[in-house]
Amino acid sequence: MRHIEILDTTLRDGEQTPGVRFSLSHKTEIAKQLERLGVDAIEAGFPASSKGDFDAVSAISREVKGCSVQALARCIKSDIDCAAEALSDACDPVIHVFLATSPIHLEYKLKMTPEDALENIKEGVSYAKSLCRTVQFSPEDATRSDREFLCRAVKCAIDAGADIINIPDTVGYSVPEEYASLVSYLLENVEGLREKRISVHCHNDLGLAVANSITAVGAGASRIECAVNGIGERAGNASLEEVVMAMRVRRDFCDCDTGIVSKEILRTSRMVSSFAGYDVALNKAIVGQNAFSHESGIHQHGMMEHRNTYEIMNPEDIGADKSTLVLGKLSGRHAYSERLATLGYALDTKGVDATFNRFKEIANKKVAVTDSDIRAIVNEYLDGLEGKYWIDTFQIQSGNHMKAMALVSLRAGDEVFTESAPGEGPIDAAFNTINRIAHADDVHLESYSLKAVTEGADALGEVKVKISSDHGAFTGRGVSTDVIKASIKAYVNAINKWTRAKGTND
Ligand code: KIV
Ligand code: ZN
């Protein structure tokens with residue numbers, strides 16, 4: 001049986017999902033969980049793109065030793081230098097250089113001739129190789145490239161020292177047989193390619209990313225690039241849990257497997273979803289809430305007789321734990337920190353103390369504190385760590401015969417900023433006031449949602465907001481048993497991400 005490597009790009013391509021910005025602590029928590037999940041490689045970021053990415057790749061290189069850590073770079077000397085520096089503490093570093101090879105990218109994006117592109121690939125790959133023992137090369141938009149030219153580009157990268165050749169379906173344009181035939185064509189026509197590792201990287205624009213990846217494995221690819229919950233640019237990347245479980249459940253047909261510890265899948269999915277602020281669709285394969293639910297009477301009857309009538313895998317295989325242990329106000333620090341570890345969080349003592357205090361506050365207001373509540377508490381703590389503004393106090397006045405008015409004080413370091421502003425309702429007034437404090441005149445609220453984290457009248461309310469400005473889109477999240485407080489927390493969280501991006505871009 002062939003071993004298929006899994007490269008997880010949640011932290012690089014996954015972070016290109018509109019609105020998703022992981023903080024440094026989110027990234028290191030996710031990387032440690034990916035290590036437990038058993039991925040072969042983590043693509044931790046694109047160090048030349050921002051200081052945040054550089055810091056994340058450096059931190060993950062220091063902290064993750066169980067798999068290789070990869071960093072993205074264009075075929076530009078300064079990008080490659082930056083990637084090499086960020087990876088300097090990694091035990092198995094990989095520099096991933098890319099250059100587009102399709103006519104449309106060459107002409108309109110790169111404004112390069114095909115010959116210039118080959119020269120760039122040669123220089124980029126050989127320079128990367130001089131700094132790092134393993135180099136991956138990707139001909140971006142490979143699936144819309146001329147096949148003969150693609151062969152020349154891949155050969156050029158191999159001659160310059162590339163160890164891994166990745167074939168990206170950058171715009172999710174391919175269909176399975178076509179994509180597999182491209183891999184076979186390259187294997188037949190590029191001398192030396194058989195001795196290299198062949199990686200596949202599929203986007204999901206036509207909903208075919210997983211099918212394309214698995215079919216390509218049948219054609220000879222030995223590594224799949226994917227992201228947890230399938231997040232990523234536009235319609236996302238191939239979903240890690242789907243490619244892994246497809247190969248595991250259909251081992252009989254695929255004759256290959258990965259080293260993924262499948263019992264860690266659900267935990268990883270929930271962690272990424274909660275840090276990304278993106279809910280997993282209820283009907284999402286493998287990790288959606290309905291993936292193992294049976295609605296019709298006929299199905300339920302079949303399940304009672306034999307679970308395999310309607311289930312091709314067991315929920316326990318992906319780590320779905322039926323006995324959800326519920327903590328409450330009498331639970332101690334020990335039980336709480338054990339639960340944190342079970343959920344996959346590796347907080348330091350300060351983090352455990354801070355979140356435990358918050359847990360206690362909530363446990364005094366709620367009968368039972370569930371796993372979802374704990375995820376929300378950790379999330380809020382990690383979000384807050386890198387924020388510029390903290391809520392100091394707020395007061396809101398609103399009523400049916402008056403304009404709502406908010407008075408908000410935010411702390412930033414040792415300073416406290418206070419403003420007031422009117423609004424169409426209490427939440428609008430609070431958001432307008434925060435905009436005044438942060439000088440966020442060009443920030444627009446794109447969406448606002450409120451849902452209960454768990455059931456019951458004492459449930460925590462979770463608010464998610466999405467704001468946008470010239471600096472991009474940012475999501476924010478806040479939880480509280482008071483919905484106005486949850487809304488203000490969510491908005492401050494989004495404003496903090498906007499402030500960070502503004503600081504990086506200005
Ligand atoms: O989709 C793509 O082409 C990429 C490359 C950088 C590999 O993400
Ligand atoms: Zn991609």
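Residues numbered from 1 in each chain as written. Chains lettered and ligands numbered in written order. Predicted model: local features only at pLDDT ≥ 70, side-chain atom pairs only at ≥ 80, totals over all residues. Heavy atoms only, no water.

**Q** How would you explain the coordination of the zinc ion (ligand 2) if you had to name every residue and give the values?
**A** Only Asp 13 (OD), His 201 (NE2) and His 203 (NE2) from the protein reach the zinc ion (ligand 2) as donors, at distances of 2.0 to 2.1 Å. Each donor residue of the zinc ion (ligand 2) belongs to the same chain, with the gaps between them written as D-x187-H-x1-H. On the criterion of sequence distance, the pair formed by Asp 13 in the loop between strand 2 (5–8) and helix 1 (24–37) and His 201 in strand 8 (residues 197–202) is long-range, its members being 188 residues apart. Asp 13 sits in the buried class, given a relative accessible area of 2%. Overall, His 201 belongs to the buried group, its relative accessible area being 4%. (Donors = N, O, S within 2.8 Å, 3.2 Å for Na, K, Ca; no water. Helix = DSSP H or I, 4+ residues; strand = E, 2+ residues; numbered from the N terminus. Buried < 20%, exposed > 50% of the residue type's maximum accessible area, 1.4 Å probe, protein only.)

**Q** Pulling in residues and values, what's your account of the packing of aromatic side chains?
**A** Enumeration over the complete set of coordinates arrives at seven aromatic pairs. Where Tyr 336 meets Phe 356, the ring centres are 5.4 Å apart and the plane angle is 45°; that geometry is what we call tilted. Taken together, the positions of Tyr 336 in helix 13 (residues 333–342) and Phe 356 in helix 14 (residues 349–363) put the pair 20 residues apart, joining distant regions of the chain. Given a relative accessible area of 13%, Phe 356 falls into the buried group. With a centroid separation of 6.3 Å and an interplanar angle of 50°, the aromatic rings of Phe 431 and Tyr 448 are classed as tilted. You can see Phe 431 sitting in helix 16 (residues 426–438) and its partner Tyr 448 sitting in strand 14 (residues 444–452), a full 17 residues away along the chain. The class of Tyr 448 is partly exposed, set by a relative accessible area of 33%. An aromatic cluster of three or more residues is present, and its members are Tyr 336, Phe 356 and Phe 359. Its guanidinium or amino end placed over the ring of Tyr 185, Arg 147 lies 5.2 Å from that ring's centre, counting from NZ or CZ. (Phe/Tyr/Trp six-rings, centres within 6.5 Å; stacked < 30°, edge-to-face > 60°. Lys NZ or Arg CZ within 6 Å of the ring centre and 35° of its normal.)

**Q** Residues and numbers for the site of ligand 1, please.
**A** Close to ligand 1 lie Arg 12, Asp 13, Leu 72, His 96, Phe 98, Ser 138, Glu 140, Asn 166, Pro 168, Thr 170, His 201 and His 203, which account for all nearby residues. Measuring from an oxygen atom of ligand 1, one finds a side-chain N or O atom of Thr 170 at 2.6 Å. One of the side-chain N or O atoms of His 203 is found 3.0 Å from an oxygen atom in ligand 1. Within the complex, the protein chains bury 94% of what would otherwise be the 260 Å² of accessible surface of ligand 1. Secondary-structure elements contributing two or more residues to the shell around ligand 1 are strand 5 (93–100), strand 6 (134–140) and strand 7 (164–169). (Near = heavy atom within 4 Å. Polar contact = N/O pair within 3.5 Å; in protein donor to acceptor, adjacent residues only side chain to side chain. Areas by Shrake-Rupley, 256 points an atom, 1.4 Å probe, with all protein chains shown as cover.)

**Q** Give me the environment of Asp 252: which residues, what numbers.
**A** Structurally, Asp 252 is set in helix 10 (residues 251–254). Separated by 180 residues in the primary sequence, Asp 252 and Asn 432 place their C-alpha atoms 59 Å from one another. A distance of 3.1 Å separates the side chain of Asp 252 from the side chain of Arg 250, its partner in a polar contact.

**Q** How would you explain the sheet that holds strand 16 (residues 472–480) if you had to name every residue and give the values?
**A** Spatial strand order, 14-15-16: three strands in an open sheet with antiparallel pairing. The outermost strands of the open sheet, each flanked by one partner alone, are strand 14 and strand 16. Strand-to-strand twist across the sheet, computed as the mean angle between neighbouring axes with direction ignored, equals 15°. The pairing of strand 14 with strand 15 (residues 461–469) spans eight bridges and is classified as antiparallel. Bridge pairing links Tyr 448 to Val 465 in strand 15. (Pairing = 2+ DSSP bridges. Axes fitted to C-alpha atoms, helices over the stretch in contact; angles between N-to-C directions.)

**Q** For the side chain of Ser 199, give the residues involved together with the corresponding values.
**A** Tracing the chain through its elements places Ser 199 in strand 8. Of the polar contacts made by the side chain of Ser 199, one reaches the side chain of Glu 225; its length is 3.0 Å. With residues near it in sequence (within four places) discarded, Ser 199 still touches Gln 136, Ile 164, Ile 165, Asn 166, Ile 167, Arg 223 and Glu 225. (Contact = heavy atoms within 4.5 Å.)

**Q** Give a description of the packing of helix 13 against helix 15 (residues 371–385) that names residues and reports values.
**A** Geometry of a packed helix pair, given as the angle between the helix axes and the separation of the axes. Close contact between helix 13 and helix 15 brings their axes to 11 Å; oriented N to C, the two are set at 85°. Between helix 13 and helix 15, the angle falls in the class roughly perpendicular. Contacts between helix 13 and helix 15 involve Tyr 336, Arg 339 and Leu 340 from the former and Asp 371, Ile 374, Ile 377 and Val 378 from the latter. (Parallel < 35°, antiparallel > 145°, perpendicular 65-115°, else oblique.)

**Q** I'd like a rundown of the nonpolar core, residues and numbers included.
**A** With 117 residues, the main nonpolar core has Ile 95 and Val 97 as its most contacted residues. Top element by residues in this core is helix 6 (residues 147–159). It accounts for eight residues. Ala 406, Val 443, Ala 486 and Ala 490 belong to the second largest nonpolar core, which has 28 residues in total. (Core = buried A, V, L, I, M, F, W, Y, C linked by side-chain atoms within 4.5 Å.)

**Q** With reference to specific residues and values, describe the sheet that holds strand 11 (residues 390–399).
**A** With respect to topology, three strands assemble into an open sheet ordered 11-12-13, the strand pairing being antiparallel. Looking at strand neighbours, the two that pair on one side only are strand 11 and strand 13 (415–423), the edges of this open sheet. Each strand of the sheet is rotated relative to its neighbour by a mean of 10°, with strand direction disregarded. This element, helix 16, spans strand 11, strand 12 (402–412) and strand 13 of the sheet and lies at about 135° to strand 13.

**Q** Go over the environment of Arg 234 with me, naming the residues and quoting the values.
**A** Inspection of the secondary structure puts Arg 234 in the loop between strand 9 (223–226) and helix 9 (240–249). Not counting the four nearest positions on each side in its chain, Arg 234 is found in contact with Thr 170, Val 171, Gly 172, His 203 and Asp 205. Here Asp 205 takes part through its side chain, which lies 2.6 Å from a polar atom of the side chain of Arg 234.

**Q** Mind laying out the pairing of strand 3 (residues 41–45), listing which residues take part and the relevant values?
**A** Among the five residues of strand 3, five are classified as buried, and the element is accordingly described as predominantly covered. Where strand 2 and strand 3 come together, two bridges link them in parallel fashion. Paired with Leu 7 across the bridge in strand 3 is Ala 41. The parallel pair strand 2 and strand 3 is bridged by helix 1, and the resulting crossover is right-handed. Judged from the four bridges that link them, strand 3 and strand 4 (residues 68–74) form a sheet pairing that is parallel. By the bridge assignment for strand 4, Gly 45 is matched with Ala 71. (Right-handed = clockwise from strand over helix to strand, strands pointing away.)

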